[in-house]
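Structural features, examined
Next come the chains, spelled out residue by residue.
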2 protein chains.
Amino acid sequence: MQFEASREYLDSLKTALEVNDDLSVNELLKDLHPADIAGVLDLLGIKYSKNLFSYLDEETSADVIVELEDDTRAEILKDFDADYIVTKFIKLIDSDDAADIINELPEEKNEEIVNLLNKSKEKDDQEIVKLLEYDEDTAGGLMAQEMIKVNINDTVSECIDEIRNQAEDVEKVYSVYVVDNDEHLLGIIPLKKLVLSPPGTMIKNLYGEEVHKVNVNTSGEEVSEIMRKYDLVAIPVVDENNKLIGRITIDDVVDFMKEEAEEDYQLISGISEDVKTSDKVWVLTRARLPWLLLGLLGGVTASMVIGVHEASIQIYPEMAFFIPLITAMAGNAGVQSSSLVVQALAGNTLKEGTMVSRIAKEFSVSFLNGIICAAILLSYGLFFNDSLATTLTISISLLSVIIIASLLGLIIPLFLDKFKIDPALATGPFITTSNDLIGLAVYFYIGHVLYSVNWI
Amino acid sequence: MQFEASREYLDSLKTALEVNDDLSVNELLKDLHPADIAGVLDLLGIKYSKNLFSYLDEETSADVIVELEDDTRAEILKDFDADYIVTKFIKLIDSDDAADIINELPEEKNEEIVNLLNKSKEKDDQEIVKLLEYDEDTAGGLMAQEMIKVNINDTVSECIDEIRNQAEDVEKVYSVYVVDNDEHLLGIIPLKKLVLSPPGTMIKNLYGEEVHKVNVNTSGEEVSEIMRKYDLVAIPVVDENNKLIGRITIDDVVDFMKEEAEEDYQLISGISEDVKTSDKVWVLTRARLPWLLLGLLGGVTASMVIGVHEASIQIYPEMAFFIPLITAMAGNAGVQSSSLVVQALAGNTLKEGTMVSRIAKEFSVSFLNGIICAAILLSYGLFFNDSLATTLTISISLLSVIIIASLLGLIIPLFLDKFKIDPALATGPFITTSNDLIGLAVYFYIGHVLYSVNWI
C-alpha cells in the first residue's frame, strides 16, 4: 500500500518530462506524498530532477526538499541563491529540518543564509540560527523549536486557543508542555487528557509533574535509548536552568537510529564512509580503500612473520597448508567476541561484573568452542594419517588462537571505550588483521616447539 | 536524567531484600518507571528478582512483566499457573504485549492459557487468541487491538465520549479512525483536529480520506519502512476487505527495528542466535560454534587446495608467505561489497539498473581498489628485491582476487534474495570462507603459470 516507483512509472515520467507534457507530468505526480516525490527525484538523476522540481507548488517543494537524499538536495540547491533558499524553503519547514539543511550547504552559502536570518526581525528565523550551534548528534541537534507550551496559570480553553494559533506551525501535537512565567518546564499534559477536560479546567490542576526530559547536550544515542525505553513519541529539551527550549519527535529519532545502525554495520564491514550502492564509483572506491590498505599492511607484515620460519616450511610444507585455517579462525573468533561487546556497549547493556569476571567468561566460551574445533581437527588429522607432529601442532594452535583472538576481541573494544574512542572501530578488518598476525605468530611458535621435540 | 542502576543502588537493594527490610525496598523502588524496575530485575538475577517482584502492586507487576527481558520473564512466569498469569498479567496489559508473552511460554502453559481465554466470555480475551495466529514478523504480529474508532455518522462529541470510555484501555491516542457500519476503514482524524473542532461537528465533515494503512500480512520490515518514511506514530491495520482490525504504534516498531539491526549485525559477525554478553556460557558457545565450524571446514578445504601445490611451495617458499595477504584481502573485499548489497536490499534502496550495470559498477570499484593495492605491493616487492616472479605473482593475484571477491560479494546476496533466502546470510564468515578458497585457487594458479614461464 506504499507507493512504489516502478520502472514503467519512471519511464513514463521521463518521457513526459522530455517532451514537456505538463498534463502527464502533473497526472503522474498527483496525490503523491512529498516523501514519495523525493524518492522519485532521487531516482531520476539530476538531469530530470531539476525539471521535475519546477512542477511542484511552493509548499510541496519545501516538503520535498526536506525528504531528499543529501546529494540530490545539494545538486538542486546549488542553483538557488541564499535569498531564494530562505524564502522558499527555510521559512516553510520545521526549524530542525531547516538547521540540518543549512548545515549541509557549502560554507559560503551557509554564511550568506545565516546573515540573512540574523538580519531578519522574525523570532523564528533567529531561533534557527541558535539551532545551528548545537552538535548534530546531541539533543540540541535533534530538537525543533516547534511545540505547544502553556503557562501553568492558564485554563484548558486558553491552551486550546494556543494549539489553534500554532496549528499551522506545529504539525504534530501529542502533548502540551506546562511552563512557569520564566519558561521553566513544570510538567506535561497528554493531548488525550486535554480532550477529555472541560474548557474551564485550570492547567495547574490537570498537568502531570513526572515528565521525561533531556538536557540540550544529551547525546543522540542516549535520547534515542530514553525514548525507546519509555515508549515516548516526543520528549522536551531543557537547558541547564530547566528552561524549555525545544522538542524532539520520534520520527527524527527513528532516522537517527537507522543511521547509527548503518554506521556500525559499515564499520564492521570495513567501509569507512556512509555510502550506498547508488553512489559514484569514485566515492565507493574511496570508502573501501582505507580498510583494504590496512589489510594490505597486515598481509605484508604476515609475510614477514612467516618469512622468519622459512626453514620450517621447507622441511614441513604441511605447516603452510594450514595457514588459512589459523588466520580464518582467529578472524572469526575475534569478530564474534568484539561484536558482542560493541553491541553491549552501544546498548548500554554491559551488565554489572568486573573485568576479571568478563575475561573469565570469555575464556570459558572460547575454550569450549576451541576444544570442540581442535578435537574435530585432531580426529581429521589422525584419520587421514597426517604426521602426529603436524596434527598436534595445528590442533593445539587452533585452540590457543581461538582463545587469544576471542580475548583480544573482548579487551580491545573495552580499552577503546575507556579512552572515549568509538569501540566499533575495533570490529571488522581491524580485529581480523591484528588477529591474523597474532594467530600466525602463535602457530609458528607452537610448530617450532613441537617439531623440535624429538619424541614425536 | 534517565534512571541508572548504579552498583551502589543495586547493592543497597540486595541487602534490603536479603534482610526483608520492606521499608528500604519500597523506598528504593519508589517513583521508578516500570521499565526501570524491569531493568533492575534483569540485573539482579533470579535469586533476588522473584523476591523483589513480590513488592510490586498488581498494576506495576503487569507493566514490569511486559518490559522484562525474555529470559528473566520466563524465569518469573515459571512459578505462576495459567490462571494466575491470565488474571494478573494478560488481562491488565495491551493485547499485542499479551500475545507476545503467551507466544513465548512453554507449549503446555501456552495451551492452558489459550483454553482459558477461549472459554472466557469477554471479547477482549478472544481477540488476544486471534492475535496469536499472526506471524510475529508481520503487521498482524505487531498490532494491538486497542485503538479509538468512530462511526462516520457520529459527531465530535460522541467521538470524545468514545475516547473517554476507552481511556483506561487505550493508553496512547494520536488519532481516531473513522469506519462505516461494517467496520471498513474510511479515514482518519488526528487528535489535534478533534481538539479544535466544535462538539457538534459531524465526523463525516471532519475526517481525512488519505490514510496510510497496512494489510495484516504486510511484513514487519515494510511496516517500519512505511512508518519511517511518512513519519507516522501509529498506523491502522486492515484485512483483505479493508476492515479495520488493529493498530501498530511506533514504540513497537522502534523495538522491531532495533532487533532487526541487531540481527543483521550478528549475522555479519558470525553469531547465529540472538545472544548478549550476559547470557550463559553454554548459550554463547552454541551461538558462536556454527560459524566457527564453517570456518574450520573452509580451513581444511584450503589446506587441500594448498596441498596440491606442495611442490611449488618447496621450490618457492615465498609463495607461502603471502597466503594470509591473499585470504585477508579476499575476505575484506567480499565483506565490503556484500554488506553494501545486503543493506541496499534491506532498505529497499537498490536503485534502478540492470544486473549488467551493477556488475560493471562493482568491477570498476574493485578494479580501482585492486590496482592501487597491487601497485603498492609491486613497488614494495621491487624495492625489497624480492624475485620478479614472486612479486608479479602476488601483485597480479591480489588484483584478480580483489575483483573476484568483490563480484562474488555482489552476486551471492542478490542470488539468495531471488530465491527468498535472507541475503544477510551471505555476509560475514560465509563470504570470507568462500573467498578464502577462491582466492587461494586463483593465487596458486597464477603462481603456477608465472613460475613456469621461462622469461622471468
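The coordinates are above.
The model shown is predicted, which means the values in this text are computed figures rather than measured ones. Starting from 1, residues in each chain are numbered consecutively following that chain's sequence as written. Key to labels: chains lettered from A, ligands numbered from 1, both in the order written. Where totals are concerned, whole chains, interfaces and linings use all residues; where local detail is concerned, this predicted model gives features only for residues with pLDDT of at least 70, and gives and counts side-chain atom pairs only at 80 or more. The side-chain numbers reported here are obtained from all heavy atoms of the structure, hydrogens and water having been left aside.

1. Re the overall build of chain A
Only runs of H or I of at least four residues qualify as helices and only runs of E of at least two qualify as strands under DSSP, and these elements are numbered from the N terminus. Assigned secondary structure in chain A consists of 22 helices and six strands. The globule rule used for comparison is 2.2 Å times the number of residues to the exponent 0.38, while the radius of gyration itself is calculated over C-alpha atoms. Relative to the globule expectation of 23 Å for 456 residues, the C-alpha radius of gyration of chain A, 30 Å, shows a markedly less compact shape. If one aligns the C-alpha atoms of chain A with their principal axes, the spans along those axes are about 95 × 65 × 45 Å. Across the 456 residues that make up chain A, the buried fraction comes to 54%. Throughout, a residue-residue contact means that at least one pair of heavy atoms, one from each residue, lies within 4.5 Å. A separation of at least 24 residues holds for 65% of the contacts in chain A among residues at least 6 apart in sequence. Only the protein chains shown count as cover for residues, and the accessible areas themselves come from Shrake-Rupley with a 1.4 Å probe. Surface exposure of chain A reaches about 20100 Å², of which carbon and sulfur atoms provide 54%. Charge-centre separation for chain A: the mean point of 35 positive side chains lies 3 Å from the mean point of 77 negative side chains. Exposed residues in this analysis have more than 50% of their type's maximum accessible area, buried residues have under 20%, and partly exposed residues fall in between, with area computed by a 1.4 Å probe over protein chains only. Counting rule for charge: Lys and Arg are taken as positive, Asp and Glu as negative, and neither His nor the chain ends is counted. A charge is said to be at NZ when it belongs to Lys, at CZ for Arg, at CG for Asp and at CD for Glu.

2. Structural notes on the packing of helix α14 (residues 220-229) of chain B against helix α15 (residues 250-268) of chain B
Residues and elements named next belong to chain B. Running from N to C, α14 and α15 point in directions that differ by 120°, and their axes come no closer than 10 Å. Here α14 is positioned oblique relative to α15, judged by the angle of their axes. In the crossing of α14 with α15, the sense of the turn from one axis to the other is left-handed. Contacts from G220, E221, V223, S224 and M227 of α14 reach α15 at I250, V253, F256, M257 and E260. Note on geometry: axes are lines fitted to C-alpha atoms, helical ones only across the stretch in contact, with angles between N-to-C directions running from 0 to 180 degrees. Angles below 35 degrees are treated as roughly parallel, those above 145 as roughly antiparallel, those between 65 and 115 as roughly perpendicular, and all remaining angles as oblique. Note on convention: the crossing is left-handed when the near helix lies turned anticlockwise from the far helix by less than a right angle, right-handed when the turn is clockwise.

3. Side note on the interface of chain B and chain A
In this assembly, 127 residues from chain B lie in contact with 127 residues from chain A. Buried surface area refers to the total accessible area, computed with a probe of radius 1.4 Å, that the two partners give up upon joining, counted for both partners together. Around 11300 Å² of area is buried between chain B and chain A when both sides are counted, 64% of it from carbon and sulfur atoms. The salt bridge criterion pairs a side-chain nitrogen of Lys or Arg with a carboxyl oxygen of Asp or Glu, the two atoms within 4 Å. Here chain B and chain A share six salt bridges between them. R228 of chain B is the partner of D255 of chain A in a salt bridge, and the nearest nitrogen-oxygen pair spans 3.1 Å. N or O atoms within 3.5 Å of each other form a polar contact, as long as, within protein, one can give a hydrogen and the other can take it, and as long as residues adjacent in sequence are counted only when both atoms are side-chain atoms. In this assembly, chain B and chain A are joined by 26 residue pairs in polar contact (both at pLDDT 80 or more). Basically, the charged four are Asp, Glu, Lys and Arg, the nonpolar ten are Ala, Val, Leu, Ile, Met, Phe, Trp, Tyr, Cys and Pro, and anything else, Gly included, counts as polar. Of the residues that constitute the side of chain B that touches chain A, the class distribution is 65 nonpolar, 29 polar and 33 charged.

4. Things to note about the packing of aromatic side chains
All names here are of chain A. Ring geometry is summarised as follows: Phe, Tyr and Trp rings, the Trp one being its six-membered ring, pair when their centres sit within 6.5 Å, and such pairs are stacked at plane angles under 30 degrees, edge-to-face over 60 and tilted between the two. For the structure shown, the criterion picks out 15 aromatic pairs over all chains. Plain terms: the ring middles of F415 and F419 are 5.0 Å apart, the flat faces sit at 50° to each other, and that makes the pair tilted. Per residue, the accessibility class of F415 equals that of F419, and both read exposed.

5. What about the state of the cysteines?
The term disulfide is used for any two cysteine sulfur atoms that are within 2.5 Å. Counted according to the given criterion, the structure contains zero disulfides over all chains. Of all cysteine sulfurs in the structure, the one in C159 of chain B sits closest to C159 of chain A, which takes part in no disulfide; the separation is 19 Å. Given a relative accessible area of 0%, C159 of chain B falls into the buried group.

6. Thoughts on the relation of the copies chain B and chain A
Of the transformation superimposing chain B on chain A, the axial component is 0.0 Å and the angular component is 180°, with the fit at an RMSD of 0.1 Å. Considering both components of the superposition, the chain copies are consistent with a two-fold axis. Of the residues that chain B buries at the interface, 100% are likewise interface residues in chain A, meaning the two copies contact each other through the same surface. Alignment of copies: least-squares fit on C-alpha atoms of residues with pLDDT of at least 70 in both copies.

7. Some words on the side chain of S337 of chain B
With respect to the element layout, S337 of chain B can be found in helix α19 (residues 323-346). For S337 of chain B, the contacting residues outside a window of four places in its chain are R288 of chain A together with E362, A405, S406, G409 and L410 of chain B.

8. Notes on the pairing of strand β3 (residues 185-190) of chain A
Residues and elements named next belong to chain A. In this analysis, strands are considered paired if DSSP registers two or more bridges between them. In this structure, strand β2 (residues 175-179) lies alongside β3, joined through five bridges in antiparallel fashion. Counted as the bridge partner of Y177 is I188 from β3. A loop of five residues connects β2 with β3, the two strands running antiparallel in sequence, and E183 in this loop sits at a positive phi of about 70°.

9. Details of the pairing of strand β5 (residues 234-238) of chain A
Put simply, side chains in a regular strand alternate between the two faces of the sheet. All names here are of chain A. Counting buried residues in β5 gives five out of five residues, a clear majority hidden from the surface. Alternating residues of β5 divide into A234, P236 and V238 and I235 and V237, and every residue in both groups is buried. Looking at chain direction, strand β4 (residues 214-215) and β5 are connected through two bridges and run parallel. Residue pairing in the sheet places V214 in a bridge with V237 of β5. Two elements, β5 and strand β6 (residues 244-249), share five bridges in a ladder whose sense is antiparallel. Counterpart to V238 in the pairing with β6 is L244.

10. Side note on the sheet that holds β3 of chain A
All names here are of chain A. Taken together, the three strands give an open sheet; going across it, the order is β1-β2-β3, and neighbouring strands pair in mixed fashion. Bordering the open sheet on either side are β1 (149-151) and β3, each of which pairs with just one other strand. Going from strand to strand, the sheet's axes swing by 30° on average, the running direction of each strand aside.

11. A word on the pattern of salt bridges
Where charged atoms from two side chains of opposite charge approach closely, those side chains can pair. Counting across every chain of the model gives 36 salt bridges over all chains. Among the salt bridges present, the one from E225 of chain A reaches R228 of chain A, with a minimum N-O distance of 3.1 Å. Within this pair, E225 of chain A and its partner R228 of chain A are both found in helix α14 (residues 220-229), separated by three residues, close to a single helical turn. Given a relative accessible area of 19%, E225 of chain A falls into the buried group. As a salt-bridge pair, D279 of chain B and K276 of chain B come within 3.1 Å of each other at their nearest N and O atoms.

12. Overview of the sheet that holds strand β5 (residues 234-238) of chain B
All names here are of chain B. Reading across from one edge, β4-β5-β6 is the order of the three strands in this open sheet, with mixed pairing throughout. In this open sheet, the two edge strands, each paired with only one partner strand, are β4 (214-215) and β6 (244-249). Docked against the sheet, α14 engages β4, β5 and β6, running at close to 135° with respect to β5.

13. Quick notes on the nonpolar core
As a rule of thumb, nonpolar side chains are buried together in soluble globular proteins. Residues grouped as a nonpolar core are buried Ala, Val, Leu, Ile, Met, Phe, Trp, Tyr and Cys residues, joined through side-chain atoms within 4.5 Å. Residues I248 of chain A together with I248 of chain B are the most contacted members of the largest nonpolar core, which totals 146 residues. By residue number, the principal contributor to this core is helix α3 (residues 34-44) of chain A, which donates seven residues. Within the second largest apolar cluster, 64 residues are counted, among which are L289, I313, L377 and A389 of chain B.

14. Let's talk about the side chain of S224 of chain B
Tracing the backbone through its elements, the reader meets S224 of chain B in helix α14. When near neighbours in sequence (up to four residues on either side) are disregarded, S224 of chain B contacts V253, F256 and M257 of chain B.

15. Quick notes on a nonpolar patch on the surface
Patch rule: a residue counts if its relative accessible area is over 30% and it has no salt bridge; like charges are joined within 9 Å, and nonpolar side chains (Val, Leu, Ile, Met, Phe, Trp, Tyr) within 5 Å. A surface patch of nonpolar side chains, amounting to about 540 Å² of accessible area, comprises M355, I411, F415, F419, I421 and L425 of chain A. In this fold, I421 of chain A is placed in the loop between α21 (388-418) and α22 (429-452).

16. Looking at a negative patch on the surface
Residues and elements named next belong to chain A. Together, D100, D135, E136, D137, E221, E259, E263, D274, D417 and D422 make up a region of like negative charge exposed at the surface. Relative to the helices and strands, E221 resides in helix α14. The partly exposed category is assigned to E221, whose relative accessible area is 39%.

17. Examining the environment of S338 of chain B
Residue and element names in this part refer to chain B. Its place among the elements puts S338 in helix α19. Using a relative accessible area of 0% as the deciding quantity, one classes S338 as buried. Distance from S338 to G409, taken between C-alpha atoms, is 4.1 Å for residues 71 residues apart in sequence. For S338, the residues in contact, after removing those within four places along its chain, are G409, P413, A426, T427 and I431. At 3.2 Å, the side chain of S338 and the backbone oxygen of V335 are in polar contact.

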